[in-house]
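The primary structure of each chain is shown beneath.
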Amino acid sequence: MVTPGVEPYIRQKFAEHAGLSEEQLFADDVTLAALISRSPRMTNSIDLMEAFARTANALRKDYGVKVRLPALPLDTPTSTVLKVFLEEFERQAKAKEAAA
């Protein structure tokens, strides 16, 4: 079960860091390569990874959960990235809870 509010939070933060609306990111299930070409803030995959890192840092700051994403190919749809973010958030939140 995903912590309430986390999915919209991730969507909003990632859109903010990409410089696009959530609809532009998730409506057409755009790939990461297409995201880079559409974003006014991204010119290459390094910029994409920085957007992921900033989103993960925001999660750590606001929820206290450290999320690390695996390497993802540029043909990965944004819905898959969101799913991976949520799965990793839940895994790390449970690990943190168990350690406490």
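Quick look at the structure, then. (Residues numbered from 1 in each chain as written. Predicted model: local features only at pLDDT ≥ 70, side-chain atom pairs only at ≥ 80, totals over all residues. Heavy atoms only, no water.)

What follows is about the nonpolar core. One finds F14, L25, L35, L48, L59 and F85 to be the most contacted residues of the largest nonpolar core, which totals 27 residues. Those elements that place two or more of their residues in this core are α1 (6-18), α2 (22-26), α3 (32-38), α4 (45-63) and α5 (78-99). Setting aside its immediate chain neighbours within four residues, L59 contacts V6, Y9, I10, G64, V65, V67, F85 and F89. (Core = buried A, V, L, I, M, F, W, Y, C linked by side-chain atoms within 4.5 Å. Buried < 20%, exposed > 50% of the residue type's maximum accessible area, 1.4 Å probe, protein only. Helix = DSSP H or I, 4+ residues; strand = E, 2+ residues; numbered from the N terminus. Contact = heavy atoms within 4.5 Å.)

Before going further, it helps to spend a moment on the packing of α4 against α5. As a packed pair, α4 and α5 sit with axes 12 Å apart at the nearest point and diverge in direction by 35°. For the pair α4 and α5, the crossing hand works out as right-handed. Where α4 approaches α5, its residues F52, T55, A56, L59 and Y63 are matched on the opposing element by V81, F85, F89 and K96. Grouping the constituent residues of the contact of α4 with α5 by class yields seven nonpolar, one polar and one charged. (Axes fitted to C-alpha atoms, helices over the stretch in contact; angles between N-to-C directions. Left-handed = near helix turned anticlockwise from the far one by under 90°. Nonpolar A, V, L, I, M, F, W, Y, C, P; charged D, E, K, R; others polar.)

This next bit is on empty space enclosed by the protein. Throughout the structure, instances matching the rule amount to one cavity of 30 Å³ or more. By volume, the largest cavity is sized at about 40 Å³. Contributing to the lining of the largest cavity are I10, F14, F26, T78, V81, L82 and F85. Elements supplying a minimum of two residues to the lining of the largest cavity: α1 and α5. Tallied by class, the residues present in the lining of the largest cavity amount to six nonpolar, one polar and no charged. (1 Å grid on protein atoms, 1.4 Å probe; cavity = no way out; pocket = protein on both sides within 12 Å on 5 of 7 lines; lining within 4 Å. Points joined across faces, edges and corners; volume = space filled by probe spheres on them.)

Summarising the element assignment, S39 is placed in the loop between α3 and α4. Accessibility expressed as a relative area gives 6% for S39, which makes it buried. At 3.0 Å, the side chain of S39 forms a polar contact with the backbone nitrogen of R41. Once residues lying within four places of it in the same chain are set aside, the contact partners of S39 are A18 and L20. (Polar contact = N/O pair within 3.5 Å; in protein donor to acceptor, adjacent residues only side chain to side chain.)

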